[in-house]
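Structural overview
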Amino acid sequence: MPFRFAVVCSSNQNRSMEAHNFMSKRGLLVKSYGAGQQVKLPGTSLEKPNVYTFDTPYDFMYKDLYNKDTNFYTQNGVLHMLDRNRRIKEKPERFQDSRERFDVIFTVEERIFDQVLEDLENREKRTNEIVHIINIDVIDNPEDATLGAFILCDLAQKLEATNDLDNGIDDILSEFEEKTKRTVLHAVSFY
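Reading the values: the criteria
Residues numbered from 1 in each chain as written. Predicted model: local features only at pLDDT ≥ 70, side-chain atom pairs only at ≥ 80, totals over all residues. Heavy atoms only, no water. Helix = DSSP H or I, 4+ residues; strand = E, 2+ residues; numbered from the N terminus. Buried < 20%, exposed > 50% of the residue type's maximum accessible area, 1.4 Å probe, protein only. Pairing = 2+ DSSP bridges. Right-handed = clockwise from strand over helix to strand, strands pointing away. Phe/Tyr/Trp six-rings, centres within 6.5 Å; stacked < 30°, edge-to-face > 60°. Lys NZ or Arg CZ within 6 Å of the ring centre and 35° of its normal. Disulfide = S-S within 2.5 Å.

Details of unusual backbone geometry
The residue N128 is not glycine, and still its phi comes out positive at about 60 degrees. Secondary-structure assignment places N128 in the loop between α4 (110–122) and β6 (130–136). Positioned with a positive phi, K181 is a non-glycine residue whose angle comes to about 60 degrees. Within the fold, K181 resides in the loop between α6 (165–180) and β7 (184–190).

Have a look at this one:
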């Protein structure tokens, strides 16, 4: 049975959606989430980000920013990103609001890793199914999101190829760290 993967970033916009897109095209079962309180997209200045709730459709965000400043949001890539996102799913999703179960949850920065772990630890345990939470830092820009998607997909395929994930994961992660020269955080939780 194929593994169920999740990818979590802050706003379910750039890093998690790029990985979601890439991994699903490679045939992996994947969902993506954000772990922040709200969805934030770059604004015309650092002090004025565009802020939305997690139930705001990507299409609404696209049209809103298109109407605010088409040239600016085209040049900085936000309209392109939102266009990709709305072709994948209707709206961003918050990890803490989901009760889906996964075999592996990838996070893309340590702060999000901590938020996911805290949320899982505070949930009522029902089935005692194991879930592996793995963090690989990915810088939040379009180029690094693309590279991060490739790296996460590569690791997901290696994990899925193992006969015994729970006993083989440490060796796979060690080899992966050595090969990519990236630090990997790994924790286990239960549903």
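Brief notes about the pairing of strand β5 (residues 104–107)
Every other side chain in a regular strand lies on the same face of the sheet, so the side chains alternate between the two faces. Where burial is concerned, the two faces of β5 agree: the one with V104 and F106 and the one with I105 and T107 are both buried. When strand β1 (residues 4–9) meets β5, the two strands line up parallel, connected through four bridges. Bridge pairing in β5 links V7 to F106. Where the polypeptide runs from β5 across α4 and back to β6, its parallel neighbour, the crossover connection is right-handed.

Observations concerning the pairing of strand β2 (residues 29–34)
Pairing of β1 with β2 involves six bridges; the strand directions are parallel. Looking across to β2, one finds that R4 is bridged to L29. In the classification by handedness, the crossover that spans β1, the intervening helix α1 (residues 15–25) and the parallel β2 is right-handed.

Structural notes on the packing of aromatic side chains
Using the criterion set out here, one finds seven aromatic pairs in the structure. Between F22 and F150 the ring centres are 6.1 Å apart and the planes differ by 65 degrees, which places this aromatic pair in the edge-to-face class. Separated by 128 residues along the polypeptide, F22 in helix α1 and F150 in helix α5 (residues 142–160) bring together distant segments of the chain. Where Y33 meets F95, the ring centres are 5.8 Å apart and the plane angle is 85 degrees; that geometry is what we call edge-to-face. On the criterion of sequence distance, the pair formed by Y33 in strand β2 and F95 in the loop between α3 (78–88) and β5 is long-range, its members being 62 residues apart. Residue classification places F95 among the buried positions, given a relative accessible area of 2%. A connected cluster of aromatic rings, assembled from ring pairs, spans F3, F5 and F106. Sitting over the face of the ring of Y62, R86 holds its NZ or CZ atom 3.8 Å from the ring centroid. Its guanidinium or amino end placed over the ring of Y33, K89 lies 5.7 Å from that ring's centre, counting from NZ or CZ.

Examining the state of the cysteines
Taken as a whole, this structure holds zero disulfides when the rule is applied. Between C9, a cysteine without a disulfide, and C153, which holds the nearest cysteine sulfur, the sulfur-to-sulfur distance is 17 Å. Judged by relative accessible area, C9 falls into the buried class, the value being 3%. The class for C153 is buried, based on a relative accessible area of 1%.

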